[in-house]
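Residues per chain, in single letters:
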Amino acid sequence: MDVDTRLLRYFAAVAEEGNLTRAAQRLFVSQPALTKQIKQLEDLLSVRLFTRSRAGMALTEPGQILAEKVPALLEGWDRILGETKKAAGQAERVLRIGYLGSAANEATQHIIAEFARLRPDWRADMRQATWSNPTAGLASGDVDVALVRLPFPGQDSLRVEVLFAEPRWVAMPTAHPLASREAISFPDLWDEPFVAAPAETGRWRDFWVAADERDGRPVRIGAVVEQPDDWLSAIANGYGIALAPESAARFYSRPGVTYRPVTGVSPSRIGVAWAPAEDADPVIEDFIRCCLSTRPPHPSETNPHEDEQGAAGIAPPDRRLPENQS
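Note that the structure is predicted; figures quoted are calculated from it, not measured.

With that settled, the discussion passes to the overall build of the protein. A count of helices and strands for the protein gives ten helices and 13 strands. Looking at the protein as a whole, 45% of its 326 residues qualify as buried. Counting only contacts in the protein whose residues sit at least 6 apart along the sequence, the fraction spanning at least 24 positions is 73%. With an accessible surface of roughly 16,500 Å², the protein has 50% of that area assigned to carbon and sulfur atoms.

The mixed open sheet is built from four strands, whose spatial order is 8-12-7-11. Looking at the sheet topology across the chains shown, the edges are occupied by strand 8 (184-185) and strand 11 (242-245). Those strands touched by helix 7 (residues 228-236) are strand 7 (168-173), strand 11 and strand 12 (257-263), and its axis lies near 90° from that of strand 12.

This part takes up the confidence of the model for the protein. Put simply, the protein has an average pLDDT of 84, and 85% of its residues get 70 or more. Predicted confidence for residues 298-326 stays below pLDDT 50, and this span has 51 contacts to residues more than four positions away or in other chains.

For the structure shown, the criterion picks out six aromatic pairs. Between Phe11 and Phe50, the aromatic rings sit 5.4 Å apart at their centres with planes inclined by 50°, giving tilted as the arrangement. Taken as a pair, Phe11 in helix 1 (residues 5-17) and Phe50 in strand 1 (residues 50-53) lie far apart in primary sequence, 39 residues in all. Residue classification places Phe50 among the buried positions, given a relative accessible area of 0%.

Criteria and thresholds
Residues numbered from 1 in each chain as written. Predicted model: local features only at pLDDT ≥ 70, side-chain atom pairs only at ≥ 80, totals over all residues. Heavy atoms only, no water. Helix = DSSP H or I, 4+ residues; strand = E, 2+ residues; numbered from the N terminus. Buried < 20%, exposed > 50% of the residue type's maximum accessible area, 1.4 Å probe, protein only. Contact = heavy atoms within 4.5 Å. Areas by Shrake-Rupley, 256 points an atom, 1.4 Å probe, with all protein chains shown as cover. Pairing = 2+ DSSP bridges. Axes fitted to C-alpha atoms, helices over the stretch in contact; angles between N-to-C directions. pLDDT = per-residue confidence, 0-100. Phe/Tyr/Trp six-rings, centres within 6.5 Å; stacked < 30°, edge-to-face > 60°.

Here it is as structure tokens:
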């Protein structure tokens, strides 16, 4: 009998969480879709795996046996798949780099140029992910390294180096009454509908609607999108406003959309992320060095209020780290 590994991953998440809602958020899927997948696995195995109640999802005895065995099975498969994909990339000398829309913006060109200088026989393959995949493909092993916006779900299981930070602005319809202001106080936006990422993205969505910076005021969602183009269209069509990196005003300009600085909201942090298993990979190590070259030379002097995890601003394009001697 063949079983889709996706069904096993869904089962493992529900078994660990003991709750469909939490498992669905963790997996970035809807609860009805997750319920359907669990039922499909039970039908395929002809075994009842969970006892459902208002308290949650309790494992049956057969379910407990499967829950004990599945993590090792999935870990082994992930390792095999990762090694296979990595071997293919190494054979072709391709570094797979995941990113989300507006991940590092102006810094990206400098990073790729620096990588080409350090590794002229390698090619950087940039792969854009949707906002429903905040790890930009790292969690699934589809990329070797990723340029990301923090915070994002799953970052605690990855290596993350913060590169720099930039202010969050607001994108709004040009006809919006507040669009004529030079800068907007965030409390003035609390009652506005927001264009947001899917709810399943958890911390990612919460950050981009500033859920923790509203004095408890609930968030109004006007539209849900996964791609920059859909995001811009929703804003231009008046479905809502959205917080965005300052650089989005340069990279995602569109008629009908106006960007304005926002006061009273924390900045966005940009980082490079990779799997702990890749710590000793010399190619990934070189790419990380190229990313770190975007950091300001003295973050504390650039922004004395910056915390230990992030630095504000971007270093000049010609600033380089010493050559990798390994």
